[in-house]
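# Structure assessment
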Amino acid sequence: MATTNIETWKVEDESFWNQSGKKIASRNLWISIPALLLAFAIWLMWGMLIVQMKKLGFTLGMTNTSPEAINELLWTLPAIAGLAGATLRIPNSFLIAIGGGRNTVFVTTALLLIPVVGAGIALQDISTPYWIFAVLAATSGFGGGNFASSMSNISFFFPKRMQGTSLGLNAGLGNLGVSTMQFLIPIVIASGTFIGITGAGIPLTEADGTKIAGTLVYIQNAGWIWVPMLIFSVIAAFFGMNNLRLATPKLGNIFSEFSKIIVMVLFGVIGAGVGSFMLKGLNINMWIVLPVTILITLALMKFLSPPELKESLNKQFAIFNNKHNWIMTIIYTMTFGSFIGYAASFPKLIQDVFGYLPNGLINPLAPNPMTWAFLGPMVGALARPVGGWLSDKVKSGSKVTMWSTVIQIVAALGVAYYVIQARTSGAPETYWWPFFGLFMILFIGTGIGNGSTFRSVPYIFNKEQAGPVLGWTSAVAAYGAFIIPKVFGQQIKLGHAEYALYGFTIYYVICLILNWWYYDRKNSGINC
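In short, a report on the structure. (Residues numbered from 1 in each chain as written. Predicted model: local features only at pLDDT ≥ 70, side-chain atom pairs only at ≥ 80, totals over all residues. Heavy atoms only, no water.)

This next bit is on the environment of Ala272. With respect to the helices, strands and loops of the structure, Ala272 is situated in helix α12 (residues 254–281). Along the sequence, Ala272 and Leu244 sit 28 residues apart, while their C-alpha atoms lie 30 Å from each other. Discounting chain neighbours no more than four positions away, the residues touching Ala272 are Leu83, Ala84, Thr87 and Thr293. (Helix = DSSP H or I, 4+ residues; strand = E, 2+ residues; numbered from the N terminus. Contact = heavy atoms within 4.5 Å.)

The next point concerns the pattern of salt bridges. Scanning the model with the defined rule gives 6 salt bridges in all. Note that Lys348 and Asp352 form a salt bridge whose closest N and O atoms lie 3.0 Å from each other. Note that Lys348 and Asp352 are positioned in helix α15 (residues 323–354) at a spacing of 4 residues, about one turn of the helix. Judged on exposure class, the residue Lys348 and its partner Asp352 are both buried. The salt bridge partner of Asp520 is Lys399, with a shortest N-O separation of 3.7 Å. One end of the pair, Asp520, is in helix α22 (residues 497–520); the other, Lys399, is in helix α18 (residues 397–423), and 121 residues separate them in sequence. Looking at Asp520, the relative accessible area reads 15%, which means it is buried. (Salt bridge = Lys/Arg side-chain N within 4 Å of Asp/Glu carboxyl O. Buried < 20%, exposed > 50% of the residue type's maximum accessible area, 1.4 Å probe, protein only.)

At Leu60, a residue that is not glycine, the phi angle is positive and equals roughly 60°. With respect to the secondary-structure elements, Leu60 resides in the loop between α2 (45–55) and α3 (67–92). By relative accessible area, which is 2% here, Leu60 ends up buried.

It is worth spelling out the nonpolar core at this point. Ranked by size, the top nonpolar core spans 171 residues in total, and within it Trp46, Met53, Trp226, Tyr342, Phe435 and Phe439 carry the most contacts. Counting residues per element, this core draws most heavily on α15, at 16 residues. Setting aside anything within four residues of it in sequence, one finds Tyr342 in contact with Phe439, Leu442, Phe443, Ile484, Phe488, Leu501, Phe504 and Tyr508. (Core = buried A, V, L, I, M, F, W, Y, C linked by side-chain atoms within 4.5 Å.)

Here's what the structure looks like:
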């Protein structure tokens, strides 16, 4: 434990890097990646679970409620998880400077045991009340928040010339948690045993509510499967990672740092709780909920933080006076916000677009979302290290961002076209392959663009601000996991899922112009 806190860290010094820095940085990176992978898996698992919950006839504790109303409520679960995860990224953006990298990864990964154990219990009963699932979806947001602190932490370990590659690996392989989850859940829910505590299976139901004999699904295993993995990851973080004095100038004793981390996370929990209540309890429009949630969280951090935290926070809040923080927030949201929002929506979108015929009957030839959904997040996640590496190679993150944005624009419009064709066809499955192929291209575009922004940030901001900026931009971008499922749910209810894609495309065009004007044009003044 004597080497947990590293006092001297000079990675821009070639000699220091080769002698000891590279080995330490690599160890921290490879412990960080699986922890982040689990965080993403748990955060986004509700997008997959609601598909099965609908098939299993979950009533959410409601009687005499229409299937359409239940379906809309199911759509809100990944949206709530998205809202909570994004909100929790706000305090996570500043945790490294306050609590230390190793300490933060340990505590925030351990918190993920709450939603997975809760889901393992609640999913055993189809009549479990909606509010319990809403609370569990919100606590899954711990996983979404972890990305901001993880990226900020890794940014301190590597020299500037390797930022695109190292951050791309951390984010890209960490994001594989989404596809890992979407691949594993269909497997584990088919199994009747998991460490002996899973309970009975639940039979599938027909559209009219009739139980299908011999088709037991152990959906609760979707929670229990993560418990042993989390325990291993928590132990690895505690004994294998380091705190850097460079990143956390006022490192204290371990219990003091843990308490600081918990206090900051609690502010995010309160902000996310208020936002979720406004959204569902008061039915307030989401475009009002979002800024209010962010402002409440920031206000709690600024005014209610203990005195020893305020000084550090005030220094980091300086990023809000830098216009490039806001520009990069908009651009980063286009990449990561799209990736995480599409990842949360993809399984249910497949079901809603191809699972039903124009007359409302179930389409017997529809593609199975559980079979295909994991591939989108997988290719998007794998594209992120490529985007970072390519940006380092061509020495321009902004140029790679430009081309990835063009890919997103073209692919989104293509997906919208085939959504229209599928909706009006008596055989919607005939349009599955072009829809699926274009969606894969859309995921790849988000991944490459996300990787390229990692290269740009360290060249736009100094070392002191780069970490908080990475955290803040990722926090706002994570609201894509809330916005995109919510928008798709609304537009599907109105019968026009393609309108959501048109709106996203307009946003991409705005980002294309901003990236060119501020960073990619010849006389922009910034070479990133």
